[in-house]
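If you want the building blocks of each chain, they are given just below.
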Amino acid sequence: MDDAWPETVNGWELAREGHIENYRKRLANRVTVTAIWENGAGRGQVDARTEPLGGGRTLTSSRKDFRDKDAFWTAATCVLEMAANLPSLDWHTSPAPTALAGTVAGMVEAEPGTSGYPEAELTFTLTEGHTVTLFMTDEQAFDLSNSISRLDHHVWSEEREDNEEEDEDDEDEDEDEDEDYDEPVVAEEVPDVSEVRPGPDTGHDLVTVLEERFGVTEDNLLAHVDWSALIVVGEPEVSSLIERGEELTAAVAPRWYPVVADRPGERWVVLKRTGLRYHGE
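Residues numbered from 1 in each chain as written. Predicted model: local features only at pLDDT ≥ 70, side-chain atom pairs only at ≥ 80, totals over all residues. Heavy atoms only, no water.

## Some details on the overall build of the protein chain
Rule in force here: The way it works is that DSSP assigns letters per residue, a run of H or I at least four long becomes a helix, a run of E at least two long becomes a strand, and they are numbered from the N terminus. Throughout this description, buried means an accessible area under 20% of the type-specific maximum (1.4 Å probe, protein chains only), exposed means over 50%, and partly exposed covers the range between. Only heavy atoms matter for contacts: two residues are in contact if any of them lie within 4.5 Å across the pair. Here, Shrake-Rupley sampling with a 1.4 Å probe gives the accessible areas, and only protein chains in the shown set may cover a residue.
Scanning the protein chain from N- to C-terminus turns up five helices and 13 strands. Considering the protein chain as a whole, with its 281 residues, one finds that 28% of them fall into the buried category. When contacts within the protein chain are restricted to residue pairs at least 6 apart in sequence, those whose partners lie at least 24 apart make up 37%. Split by element, the accessible area of the protein chain, about 19,500 Å² in all, is 50% carbon and sulfur.

## Side note on the environment of Leu230
Inspection of the secondary structure puts Leu230 in strand S11 (residues 229-232). Classification of Leu230 by relative accessible area gives buried; the value is 2%. Along the chain, Leu230 and Val269 lie 39 residues apart, while their C-alpha atoms are 8.5 Å from each other. When near neighbours in sequence (up to four residues on either side) are disregarded, Leu230 contacts Leu206, Val207, Leu210, Leu221, Leu222, Ala223, Val269, Val270 and Leu271.

## So, the sheet that holds strand S9 (residues 131-137)
Applied cut-off: Any two strands with at least two DSSP bridges between them are considered paired. Where helices are involved, their axes are fitted lines through C-alpha atoms of the stretch in contact, as for all axes, and angles between N-to-C directions lie from 0 to 180°.
Spatially, S7-S8-S9 is the arrangement adopted by the three strands of the open sheet, whose pairing is antiparallel. The two strands at the open ends of the sheet, each matched to only one other strand, are strand S7 (109-112) and S9. For this sheet, the mean inter-axis angle between neighbouring strands, taken without regard to orientation, is 20 degrees.

## Digging into the nonpolar core
Note the following rule: By nonpolar core is meant a set of buried Ala, Val, Leu, Ile, Met, Phe, Trp, Tyr and Cys residues that side-chain atoms within 4.5 Å join together.
Core analysis: the biggest nonpolar cluster contains 19 residues, and Trp12, Val33, Val46 and Phe72 have the highest contact counts within it. Of all the secondary-structure elements, those providing two or more residues to this core are strand S2 (12-17), strand S4 (32-38), strand S5 (43-49) and helix H1 (69-84). Among the elements that take part in this core, H1 stands out by supplying eight residues, more than any other. If we ignore the near neighbours within four places in the chain, the residues touching Val33 are Trp12, Tyr23, Arg24, Lys25, Leu27, Val46, Asp47, Ala48, Val79, Leu80 and Ala83. Listed in part, the 17 residues of the second largest apolar core include Leu206, Val216, Leu241 and Trp256.

## Here we look at the pattern of salt bridges
Note the following rule: When a carboxyl oxygen of Asp or Glu lies within 4 Å of a side-chain nitrogen of Lys or Arg, that pair is called a salt bridge.
This structure, assessed with the given rule, holds 10 salt bridges. The partner of Arg16 in a salt bridge is Glu7, with the nearest N and O atoms 2.9 Å apart. When its relative accessible area of 48% is taken as the criterion, Arg16 is described as partly exposed. Among the residues examined, Glu7 registers a relative accessible area of 30% and is labelled partly exposed. Through salt bridges with shared partners, a single ionic network connects Glu7, Arg16, Glu21 and Lys69.

## Some points on the pairing of strand S8 (residues 119-125)
Bridge count for S7 against S8 is four bridges, and the pairing is antiparallel. When the bridges of S8 are listed, Glu111 appears paired with Glu121.

## Concerning the sheet that holds S11
Strand order in this open sheet of four strands is S10-S11-S13-S12, and the pairing throughout is antiparallel. In the strand order of this sheet, the two ends are held by strand S10 (221-223) and strand S12 (256-263), each with one partner. Strand-to-strand, the axes of this sheet are offset by a mean angle of 25 degrees, without reference to chain direction. Here eight bridges tie S12 to strand S13 (residues 266-273), and the two strands are oriented antiparallel to one another. The residue bridging Val259 from the neighbouring strand is Val270, located in S13. Packing of helix H3 (residues 203-214) onto the sheet brings it into contact with S10, S11, S12 and S13, and relative to S11 it is tilted by some 25 degrees. Helix H5 (residues 245-252) contacts S12 and S13 of the sheet and is inclined by roughly 135 degrees relative to S12.

## With respect to H5
To keep it simple, the criterion reads: Directions from the helix axis toward the C-beta atoms define the arc.
Restricting attention to buried positions, one finds in H5 the residues Leu248, Ala251 and Val252. Angular distribution of buried residues about the axis of H5 spans 85 degrees; they occupy a single face of the element. For H5, exposure combined with an orientation more than 90 degrees from the buried face picks out Glu246 and Ala250.

## Section: the pairing of S5
Of all seven residues in S5, five are buried, a share of seventy percent or more. Sheet analysis places S4 next to S5, joined by seven bridges and oriented antiparallel. Within S5, the position partnered with Ala35 by the bridge is Val46. Hairpin remark: S4 followed by S5, antiparallel, with four residues in the connecting loop; positive phi at Gly40, about 90 degrees.

## Description of the confidence of the model for the protein chain
Rule in force here: The quantity called pLDDT is the predictor's confidence in a given residue, expressed from 0 to 100.
Summing up the model confidence of the protein chain, the mean pLDDT is 76 and the portion of residues at 70 or higher is 70%. The spread of mean pLDDT over the elements of the protein chain runs between strand S6 (residues 58-61), the lowest at 66, and helix H4 (residues 237-243), the highest at 91.

## Overview of a negative patch on the surface
Short version of the rule: Surface patches are defined over residues having more than 30% relative accessible area and no salt bridge, joining like charges when they lie within 9 Å and nonpolar side chains (Val, Leu, Ile, Met, Phe, Trp, Tyr) when within 5 Å. Think of it this way: Lys and Arg go in the positive column, Asp and Glu in the negative one, and His and the chain ends go nowhere. Lys charges are placed at NZ, Arg charges at CZ, Asp charges at CG and Glu charges at CD.
Taken together, Glu81, Asp138, Glu139 and Asp143 make up a surface patch of like negative charges. If you tally residues by element for the negative patch, the top one is helix H2 (residues 138-179), at three residues. As for its placement among the helices and strands, Glu139 is situated in helix H2. Assessed through its relative accessible area of 59%, Glu139 is described here as exposed.

Right, dumping it as C-alpha coordinates:
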(Lines give C-alpha, C1' and ligand atoms only; values in the text may rest on other atoms or scores of the structure.)
Protein backbone atom coordinates (compact mmCIF):
# COMPACT_ATOMS: atom_id res chain seq x y z
CA MET A 1 0.00 0.00 0.00
CA ASP A 2 2.71 2.50 0.95
CA ASP A 3 4.87 1.60 -2.07
CA ALA A 4 2.56 3.76 -4.21
CA TRP A 5 3.61 6.84 -2.22
CA PRO A 6 7.40 6.82 -2.52
CA GLU A 7 8.12 10.48 -1.71
CA THR A 8 7.45 12.88 1.15
CA VAL A 9 7.15 16.67 0.70
CA ASN A 10 6.59 18.90 3.74
CA GLY A 11 4.95 16.02 5.58
CA TRP A 12 2.70 15.02 2.62
CA GLU A 13 3.08 11.64 0.94
CA LEU A 14 3.63 12.11 -2.80
CA ALA A 15 3.08 9.84 -5.80
CA ARG A 16 3.62 11.09 -9.37
CA GLU A 17 1.75 9.90 -12.46
CA GLY A 18 3.14 11.73 -15.47
CA HIS A 19 2.22 15.42 -15.10
CA ILE A 20 -0.10 14.71 -12.16
CA GLU A 21 1.09 14.97 -8.55
CA ASN A 22 -0.92 13.07 -5.91
CA TYR A 23 -0.48 14.18 -2.31
CA ARG A 24 -1.88 12.48 0.79
CA LYS A 25 -1.80 13.19 4.51
CA ARG A 26 -3.31 10.67 6.95
CA LEU A 27 -4.32 12.16 10.29
CA ALA A 28 -4.52 10.62 13.76
CA ASN A 29 -8.31 11.20 13.89
CA ARG A 30 -8.80 8.76 10.98
CA VAL A 31 -9.35 11.54 8.42
CA THR A 32 -7.29 11.45 5.21
CA VAL A 33 -6.64 14.60 3.16
CA THR A 34 -5.75 14.13 -0.51
CA ALA A 35 -4.55 16.82 -2.90
CA ILE A 36 -4.15 16.36 -6.67
CA TRP A 37 -2.28 18.88 -8.83
CA GLU A 38 -2.10 18.85 -12.64
CA ASN A 39 1.10 20.55 -13.78
CA GLY A 40 0.58 22.86 -16.74
CA ALA A 41 -3.21 22.88 -16.50
CA GLY A 42 -3.41 24.92 -13.30
CA ARG A 43 -6.03 22.57 -11.94
CA GLY A 44 -6.23 20.75 -8.67
CA GLN A 45 -8.51 19.20 -6.12
CA VAL A 46 -8.28 18.92 -2.34
CA ASP A 47 -10.53 16.52 -0.39
CA ALA A 48 -10.89 15.45 3.23
CA ARG A 49 -12.43 11.99 3.51
CA THR A 50 -13.47 9.72 6.35
CA GLU A 51 -11.83 6.53 5.10
CA PRO A 52 -8.15 5.97 6.02
CA LEU A 53 -7.10 5.35 2.41
CA GLY A 54 -8.94 8.41 1.17
CA GLY A 55 -11.90 6.65 -0.47
CA GLY A 56 -14.66 7.22 2.09
CA ARG A 57 -17.29 9.91 2.56
CA THR A 58 -16.15 13.41 1.60
CA LEU A 59 -16.15 15.84 4.53
CA THR A 60 -15.04 18.90 2.57
CA SER A 61 -13.34 19.77 -0.70
CA SER A 62 -11.81 22.77 -2.45
CA ARG A 63 -12.49 24.35 -5.82
CA LYS A 64 -10.72 22.89 -8.86
CA ASP A 65 -9.29 25.94 -10.65
CA PHE A 66 -6.35 27.86 -9.14
CA ARG A 67 -4.27 30.81 -10.28
CA ASP A 68 -1.04 28.97 -9.50
CA LYS A 69 0.40 26.27 -7.27
CA ASP A 70 0.73 28.67 -4.31
CA ALA A 71 -3.06 29.19 -4.37
CA PHE A 72 -3.50 25.41 -4.56
CA TRP A 73 -1.35 24.90 -1.45
CA THR A 74 -3.24 27.64 0.38
CA ALA A 75 -6.46 25.71 -0.22
CA ALA A 76 -4.79 22.44 0.81
CA THR A 77 -3.62 24.04 4.07
CA CYS A 78 -7.12 25.33 4.86
CA VAL A 79 -8.68 21.90 4.27
CA LEU A 80 -5.96 20.23 6.33
CA GLU A 81 -6.44 22.59 9.28
CA MET A 82 -10.20 21.96 9.24
CA ALA A 83 -9.73 18.19 9.09
CA ALA A 84 -7.09 18.13 11.84
CA ASN A 85 -9.51 19.80 14.27
CA LEU A 86 -12.27 17.23 13.74
CA PRO A 87 -12.88 14.64 16.48
CA SER A 88 -11.78 11.06 15.90
CA LEU A 89 -14.12 9.16 13.57
CA ASP A 90 -13.28 5.94 15.48
CA TRP A 91 -12.07 3.61 12.76
CA HIS A 92 -10.56 0.42 14.14
CA THR A 93 -6.98 1.32 13.15
CA SER A 94 -5.28 4.65 12.74
CA PRO A 95 -2.98 5.11 9.73
CA ALA A 96 -1.08 7.89 11.54
CA PRO A 97 0.73 7.79 14.89
CA THR A 98 -0.98 9.24 17.93
CA ALA A 99 0.01 12.58 19.36
CA LEU A 100 3.44 12.78 20.99
CA ALA A 101 3.96 14.12 24.49
CA GLY A 102 7.30 14.52 26.18
CA THR A 103 9.89 16.83 27.69
CA VAL A 104 11.80 19.05 25.27
CA ALA A 105 15.56 18.60 25.39
CA GLY A 106 17.78 21.62 24.76
CA MET A 107 16.71 24.60 22.68
CA VAL A 108 13.82 24.81 20.21
CA GLU A 109 15.01 25.49 16.68
CA ALA A 110 13.03 28.22 14.91
CA GLU A 111 13.59 28.78 11.18
CA PRO A 112 11.63 30.37 8.31
CA GLY A 113 9.55 27.88 6.35
CA THR A 114 10.34 26.80 2.78
CA SER A 115 6.88 26.23 1.34
CA GLY A 116 6.76 29.51 -0.60
CA TYR A 117 4.46 31.46 1.74
CA PRO A 118 5.12 33.05 5.15
CA GLU A 119 5.46 30.37 7.80
CA ALA A 120 7.64 29.30 10.71
CA GLU A 121 9.34 25.94 11.11
CA LEU A 122 9.78 24.86 14.74
CA THR A 123 11.78 21.74 15.60
CA PHE A 124 11.56 20.12 19.04
CA THR A 125 13.84 17.32 20.26
CA LEU A 126 12.29 15.23 23.05
CA THR A 127 14.28 13.53 25.77
CA GLU A 128 12.98 10.13 24.59
CA GLY A 129 14.68 10.63 21.24
CA HIS A 130 11.85 11.80 18.97
CA THR A 131 12.32 14.90 16.84
CA VAL A 132 9.12 16.79 16.01
CA THR A 133 8.98 19.53 13.36
CA LEU A 134 5.98 21.86 13.20
CA PHE A 135 5.11 24.05 10.21
CA MET A 136 3.09 27.07 11.32
CA THR A 137 1.59 29.92 9.33
CA ASP A 138 2.65 33.45 10.17
CA GLU A 139 -0.65 34.02 12.03
CA GLN A 140 -0.18 30.86 14.10
CA ALA A 141 3.41 31.83 14.92
CA PHE A 142 2.21 35.31 15.94
CA ASP A 143 -0.48 33.83 18.20
CA LEU A 144 2.09 31.46 19.72
CA SER A 145 4.45 34.35 20.49
CA ASN A 146 1.62 36.27 22.18
CA SER A 147 0.59 33.21 24.20
CA ILE A 148 4.14 32.67 25.42
CA SER A 149 4.36 36.37 26.35
CA ARG A 150 1.19 36.05 28.42
CA LEU A 151 2.59 32.96 30.13
CA ASP A 152 5.79 34.83 30.89
CA HIS A 153 3.86 37.74 32.38
CA HIS A 154 1.34 35.77 34.47
CA VAL A 155 3.38 32.71 35.46
CA TRP A 156 7.15 32.91 35.21
CA SER A 157 7.46 36.64 35.91
CA GLU A 158 5.89 36.11 39.37
CA GLU A 159 8.53 33.50 40.16
CA ARG A 160 11.28 35.87 38.98
CA GLU A 161 9.85 38.65 41.16
CA ASP A 162 9.87 36.31 44.17
CA ASN A 163 13.52 35.46 43.46
CA GLU A 164 14.39 39.15 43.11
CA GLU A 165 12.70 39.91 46.43
CA GLU A 166 14.72 37.15 48.08
CA ASP A 167 17.91 38.57 46.59
CA GLU A 168 17.00 42.06 47.84
CA ASP A 169 16.38 40.67 51.33
CA ASP A 170 19.82 39.01 51.25
CA GLU A 171 21.40 42.30 50.16
CA ASP A 172 19.63 44.17 52.97
CA GLU A 173 21.01 41.64 55.48
CA ASP A 174 24.49 42.11 54.06
CA GLU A 175 24.13 45.89 54.32
CA ASP A 176 22.97 45.58 57.94
CA GLU A 177 26.05 43.53 58.70
CA ASP A 178 28.29 46.07 56.96
CA GLU A 179 26.78 48.89 59.02
CA ASP A 180 28.19 47.27 62.15
CA TYR A 181 31.67 48.20 60.98
CA ASP A 182 32.68 51.87 61.13
CA GLU A 183 34.87 52.84 58.21
CA PRO A 184 37.29 55.76 58.61
CA VAL A 185 36.12 58.96 56.98
CA VAL A 186 38.58 60.30 54.42
CA ALA A 187 38.40 64.02 53.76
CA GLU A 188 38.54 64.80 50.04
CA GLU A 189 40.55 67.80 48.93
CA VAL A 190 38.60 70.42 46.99
CA PRO A 191 40.56 71.50 43.90
CA ASP A 192 41.31 75.18 43.45
CA VAL A 193 39.46 76.37 40.35
CA SER A 194 39.90 80.07 40.86
CA GLU A 195 42.37 80.30 37.97
CA VAL A 196 40.38 78.11 35.59
CA ARG A 197 38.97 80.00 32.62
CA PRO A 198 36.37 78.45 30.32
CA GLY A 199 37.19 78.42 26.63
CA PRO A 200 35.19 80.52 24.17
CA ASP A 201 31.87 79.08 23.08
CA THR A 202 30.43 81.23 20.32
CA GLY A 203 32.27 82.86 17.46
CA HIS A 204 31.89 86.26 19.13
CA ASP A 205 33.47 84.84 22.31
CA LEU A 206 36.40 83.63 20.20
CA VAL A 207 36.87 87.10 18.69
CA THR A 208 37.04 88.55 22.19
CA VAL A 209 39.72 86.03 23.29
CA LEU A 210 41.85 86.71 20.21
CA GLU A 211 41.75 90.46 20.79
CA GLU A 212 42.28 90.47 24.56
CA ARG A 213 44.96 87.74 24.80
CA PHE A 214 46.70 87.85 21.40
CA GLY A 215 46.13 91.38 20.07
CA VAL A 216 44.31 90.22 16.94
CA THR A 217 41.70 92.78 15.89
CA GLU A 218 38.70 92.41 13.61
CA ASP A 219 40.76 93.89 10.74
CA ASN A 220 42.65 90.56 10.56
CA LEU A 221 39.60 88.25 10.83
CA LEU A 222 37.42 86.48 8.28
CA ALA A 223 34.50 84.31 9.40
CA HIS A 224 32.35 81.69 7.73
CA VAL A 225 28.73 82.71 7.48
CA ASP A 226 27.70 79.98 9.94
CA TRP A 227 30.65 80.67 12.28
CA SER A 228 31.98 77.14 11.77
CA ALA A 229 35.47 78.62 11.33
CA LEU A 230 37.31 81.88 11.98
CA ILE A 231 40.33 82.82 9.81
CA VAL A 232 43.22 85.07 10.88
CA VAL A 233 45.07 86.77 8.01
CA GLY A 234 47.86 89.33 7.74
CA GLU A 235 51.23 89.86 9.38
CA PRO A 236 52.62 90.02 12.00
CA GLU A 237 49.45 88.57 13.62
CA VAL A 238 49.62 85.17 11.84
CA SER A 239 53.31 84.60 12.68
CA SER A 240 52.68 85.59 16.29
CA LEU A 241 49.86 83.07 16.64
CA ILE A 242 51.97 80.31 15.08
CA GLU A 243 54.80 80.98 17.55
CA ARG A 244 52.33 80.88 20.44
CA GLY A 245 50.56 77.79 19.07
CA GLU A 246 50.38 75.83 22.34
CA GLU A 247 49.05 78.84 24.22
CA LEU A 248 46.49 79.50 21.47
CA THR A 249 45.33 75.86 21.48
CA ALA A 250 44.80 75.91 25.23
CA ALA A 251 43.02 79.27 25.14
CA VAL A 252 40.40 78.29 22.54
CA ALA A 253 39.78 74.68 23.66
CA PRO A 254 37.55 72.72 23.84
CA ARG A 255 35.11 74.31 21.38
CA TRP A 256 37.74 75.39 18.84
CA TYR A 257 41.09 74.19 17.54
CA PRO A 258 43.68 76.03 15.35
CA VAL A 259 45.35 74.80 12.14
CA VAL A 260 47.78 76.50 9.77
CA ALA A 261 46.70 76.80 6.12
CA ASP A 262 49.29 77.52 3.43
CA ARG A 263 47.86 79.84 0.79
CA PRO A 264 49.53 81.25 -2.39
CA GLY A 265 52.03 83.79 -1.10
CA GLU A 266 50.76 83.78 2.50
CA ARG A 267 49.72 81.67 5.52
CA TRP A 268 46.51 81.66 7.48
CA VAL A 269 45.60 80.51 10.96
CA VAL A 270 42.17 78.84 10.81
CA LEU A 271 40.28 78.24 14.04
CA LYS A 272 37.71 75.49 13.47
CA ARG A 273 34.79 74.43 15.60
CA THR A 274 35.24 70.96 17.02
CA GLY A 275 32.94 68.17 15.86
CA LEU A 276 32.62 69.50 12.30
CA ARG A 277 34.24 68.14 9.16
CA TYR A 278 35.62 70.37 6.42
CA HIS A 279 36.36 69.78 2.78
CA GLY A 280 39.83 68.30 2.31
CA GLU A 281 40.09 66.75 5.79
